[in-house]
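# Overview (structure and organization)
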Amino acid sequence: MHIRIKTQVGASLKSVKDGFTKDLFVALNPPFPPVKVLQFDGCKKGDQVSLFLNFFLFKQKWISVITEDEETHSEWFFVDRGETLPFFLKKWEHRHIVQQDGNTTYIIDDITFSTGTILTDLLFYPAMLAQFAYRKPVYQKIFAAQPAVAK
């Protein structure tokens, strides 16, 4: 399955890139399931992110590795690929893209996932979509336009 959510923010590409920190990662997590960040190395190739998800009736570990990162004057992206996933996921790839188009900056969450069957993919799709739609107002608040600083 594929999900792509594009969010316009008020900050520059550089500000958004600099803001992709553990604190942002924590802020982007919706209330359910509660997530504990066990490891956050960063957003460069080879970095690792390790999570502990608490679904109350069961708990799961999620480990992703950053497999790609690249930057140009108008775009920065990195890709995290799931290495250890919750039992209900068989495949996970999340391309985080930040694009500058003139004075406008976009953050794009481009996710490909599989649960192993098309039926369960379709059943999980609304929940996955909701998890990433939750990020839009968080991105917009954190990366709101900054007032110019007088020199």
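Attention shifts here to the packing of helix 3 (residues 118-133) against helix 4 (residues 135-142). It is at 5 Å that the axes of helix 3 and helix 4 come closest, and there the two elements cross at 10°. Looking at the two axes, helix 3 sits roughly parallel to helix 4. Listed contacts from helix 4 to Gln131, Phe132 and Ala133 of helix 3 are Arg135, Lys136 and Pro137. The class makeup of the residues in the contact of helix 3 with helix 4 is three nonpolar, one polar and two charged.

Ranked by size, the top nonpolar core spans 17 residues in total, and within it Leu51, Trp62, Leu89, Trp92 and Phe113 carry the most contacts. Elements supplying a minimum of two residues to this core: strand 1 (2-9), strand 3 (48-54), strand 7 (104-114) and helix 3. Sort the elements by how many residues they give to this core and strand 3 lands first, with three residues. Not counting the four nearest positions on each side in its chain, Trp92 is found in contact with Trp62, Ser64, Asp80, Arg81, Gly82, Leu85, Ile111, Thr112, Phe113, Met128 and Phe132. Leu13, Val16, Trp76 and Val138 belong to the second-largest nonpolar core, a separate cluster that totals 16 residues.

This brings us to the sheet that holds strand 1. Strand order in the open sheet formed by seven strands is 1-7-6-5-4-3-2, and the pairing between neighbours is antiparallel. In the strand order of this sheet, the two ends are held by strand 1 and strand 2 (35-40), each with one partner. Neighbour to neighbour, the strand axes of the sheet diverge by 20° on average, direction disregarded. In this sheet, strand 5 (residues 75-84) lies alongside strand 4 (residues 59-71) in antiparallel orientation, the contact comprising eight bridges. The residue bridging Ile63 from the neighbouring strand is Thr84, located in strand 5.

Pairing between side chains of opposite charge can happen when their charged atoms approach one another. The tally for this structure, following the rule as stated, stands at six salt bridges. For the salt bridge of Lys14 with Asp18, the shortest nitrogen-to-oxygen distance reads 2.7 Å. Here the residue Lys14 and the residue Asp18 both occupy positions in helix 1 (residues 13-19), the gap between them amounting to four residues, near one helical turn. Judged by its relative accessible area of 47%, Asp18 falls in the partly exposed class. Between Arg135 and Asp109 there is a salt bridge, with the nearest N and O atoms lying 3.4 Å from each other.

Assignment of secondary structure puts Asp80 in strand 5. Counting along the chain gives 15 residues from Asp80 to Arg95, while the straight-line C-alpha distance between them is 6.6 Å. Ignoring anything within four residues of it in the chain, the contact list for Asp80 reads Ser64, Val65, Ile66, Trp92, Glu93, His94 and His96. A polar side-chain atom of Asp80 sits 3.2 Å from a polar atom in the side chain of Trp92. Within polar-contact distance, the side chain of Asp80 engages the side chain of His96 at 2.7 Å.

Reading the values: the criteria
Residues numbered from 1 in each chain as written. Predicted model: local features only at pLDDT ≥ 70, side-chain atom pairs only at ≥ 80, totals over all residues. Heavy atoms only, no water. Axes fitted to C-alpha atoms, helices over the stretch in contact; angles between N-to-C directions. Helix = DSSP H or I, 4+ residues; strand = E, 2+ residues; numbered from the N terminus. Parallel < 35°, antiparallel > 145°, perpendicular 65-115°, else oblique. Contact = heavy atoms within 4.5 Å. Nonpolar A, V, L, I, M, F, W, Y, C, P; charged D, E, K, R; others polar. Core = buried A, V, L, I, M, F, W, Y, C linked by side-chain atoms within 4.5 Å. Buried < 20%, exposed > 50% of the residue type's maximum accessible area, 1.4 Å probe, protein only. Pairing = 2+ DSSP bridges. Salt bridge = Lys/Arg side-chain N within 4 Å of Asp/Glu carboxyl O. Polar contact = N/O pair within 3.5 Å; in protein donor to acceptor, adjacent residues only side chain to side chain.

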